[in-house]
Amino acid sequence: MHSAAINTRRVTRWAFFVILATIAVVKYSFYAISYSLVQIFVNEMGFDSPHAVFYSLMLGGSCYIFSMVGGCLGQSLINYHRVVCAGLFAQLVGAGFLLGLGICIDDQSANANLKKALFYTFAIFEAICMTLVNAALPVLGAKQVEHKGEVAIHDFFAWYYFATNVGSCLAEVFRDLYRTSQMTAMEVMSIPMGIMAFLNIPLFISGRAVLKIPKIEREALDDLFSCRNKLVLKHIYHVTLVISSVVMTSYIIFSQCIATYASELEVLGNTTTSGAFIPPYIGPVANNSAIIIGIPIYLFIGKHLKKRGRRLPRPLARFAIGQIIAVVGVMCAAVLEYVRFWRIQQGQPPPDLLWQIPQYFIEGVSEIFVFVSGYEFIYNESPPGLHGFLMGLFFCSWGLGSWVSALLAFLMNMKATNNSSAASGDWYPTDLKHGHMGRYFFLLAGIGTLACIMLLAFSRKYVYLRDKNLQGEYERILRSANDSDTIPSDDST
């Protein structure tokens, strides 16, 4: 008996490792490519910086917007493991087209239309990959520890986001290779493709032997769409209201870390006052480092509170704390822009890249509260059989937030383009050396504050699934519905 328990723990730990290693490599490949998009758009496709930011945000949003497809496929048609496998193969195919783009970039005589065709084909496959993986993989991982209770689920999602940012941090090295090294574009683009082909896909497929594959649950989704269970529909409506309004508004801010903050590299100094070189990825690495260092501290505090008979605030309250911290980070970015603009007016050199570290670090701390709490909230508030659907809705809200963020940046730039005084005072000018981007960041801070107010209002009135005792009620309704399906309709029986 003792030996069987030890073997069970080993299997669970190996399954845990397979899930975390898979998401780390998937996000490495995704962020490595995403971080390079602005440079690809500017250097190879001739876009100015604001338009490059717009298209990269639109592409990033497309990779999240259809995540409900992956969640619904995993829970109702094919299992989560097969959905993730299909997504990994789609990313590998997309990386192949990206490799072709790298060859064309190195070939100076390559046709520009061919470059665009290869890039857009890659973008389609990358969007398919993230559509399938985003919702299916976290649910599959949480199912491995679900039997241990809510604390184990919370800890899993914390380590899941930790692994995500390990991949993102490694992606910064990729971006620096593309920006500064003597490697050809083909050589740089082949790195994520090789890792996917020779490491991630074999690891995840072989992990099927230790993973607990949840059974397909069509009844819950059919019950939801047929509107037979009013109690569950009301609960889903409340969860959807929180997700669609708060998560989407929050991601408008977080998407700026990838796009708008990165475009500031063009106008900030890359050397200190003593002449020391500052690597361009110092800010994003500070963001990832805050998460990688902060999550173990966050989990330690949670365990310490548990030993003293207390616990962390509930998910929506933690979400609100993270959102408040995120607003502070955006205000730091606004202050940096005002300092930069003042120095330009005084004829002084702009601030160096080290000034970006506070805003990136603060955003990283806020992400620990927002995204770990978001994962936990969605999973624990999902009625049985609807985890994939609601997790997909969660990521869909990310995509909508990225699209709204792209539209906002586009409108601000269009205002600057149509204004004859663009060099002196617009919020998001084509030439970032001019204008008042600080005002744009304060606008984002205002949007974040609005999200905080909505979240605090929701958190005060929201009744959690455990408090409603809805989970047992829903399981009873499902059982009675299944039993009624087996009862003959002939009255004579």
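Quick caveat, the model's predicted, so the values are computed rather than measured.

Cut-offs used in this document
- Residues numbered from 1 in each chain as written.
- Predicted model: local features only at pLDDT ≥ 70, side-chain atom pairs only at ≥ 80, totals over all residues.
- Heavy atoms only, no water.
- Phe/Tyr/Trp six-rings, centres within 6.5 Å; stacked < 30°, edge-to-face > 60°.
- Axes fitted to C-alpha atoms, helices over the stretch in contact; angles between N-to-C directions.
- Helix = DSSP H or I, 4+ residues; strand = E, 2+ residues; numbered from the N terminus.
- Parallel < 35°, antiparallel > 145°, perpendicular 65-115°, else oblique.
- Left-handed = near helix turned anticlockwise from the far one by under 90°.
- Contact = heavy atoms within 4.5 Å.
- Nonpolar A, V, L, I, M, F, W, Y, C, P; charged D, E, K, R; others polar.
- pLDDT = per-residue confidence, 0-100.
- Expected span 1.5 Å × (residues − 1).
- Bend = angle between axes of the 7 residues up to and from the residue.
- Buried < 20%, exposed > 50% of the residue type's maximum accessible area, 1.4 Å probe, protein only.

Participant: Lay out the packing of aromatic side chains with the relevant residues and their values.
Facilitator: In the structure shown here, the tally under the stated rule is 18 aromatic pairs. One aromatic cluster is present, formed by Tyr64, Phe156, Phe157, Tyr160, Tyr161, Phe371, Tyr375, Tyr379, Phe394, Phe395 and Trp398 through successive ring pairs.

Participant: Talk me through the packing of helix 3 (residues 67-77) against helix 5 (residues 112-145); I want residue IDs and the actual numbers.
Facilitator: With their axes 7 Å apart at the nearest point, helix 3 and helix 5 run at an angle of 55 degrees to one another. Taken together, the axes of helix 3 and helix 5 are oblique relative to one another. As for the relative orientation of helix 3 and helix 5, their crossing is right-handed in sense. Each of Ser67, Val69, Gly70, Gly71 and Leu73 in helix 3 lies in contact with helix 5, whose residues at this interface are Met130, Thr131, Leu132, Asn134, Ala135 and Ala136. A class-by-class count of the residues in the contact of helix 3 with helix 5 yields six nonpolar, five polar and no charged.

Participant: Which residues make up the confidence of the model for the chain, and what values do they have?
Facilitator: Residues shown with low pLDDT carry predicted positions that ought not to be read at fine detail. Confidence in the prediction of the chain, expressed as mean pLDDT, is 75, and 70% of residues score 70 or more. Of all secondary-structure elements in the chain, the lowest mean pLDDT belongs to helix 15 (residues 422-425), at 44, while helix 13 (residues 357-380) reaches the highest, 89. Here residues 1-6 scores under 50 on pLDDT; set against residues more than four positions off or in separate chains, the count is zero contacts. Taken as a whole, residues 420-425 scores under 50 in pLDDT and shows 12 contacts with residues more than four places along the chain or in a different chain.

Participant: Hey, could you go over helix 5 for me, with residue numbers and the actual values?
Facilitator: Taking 1.5 Å per residue as the helical rise, helix 5 with its 34 residues ought to reach 50 Å, and the 50 Å between its terminal C-alpha atoms agrees with that figure. At Val133, helix 5 shows its largest bend, some 30 degrees. Extensive coverage of helix 5 is indicated by the burial of 24 of its 34 residues.

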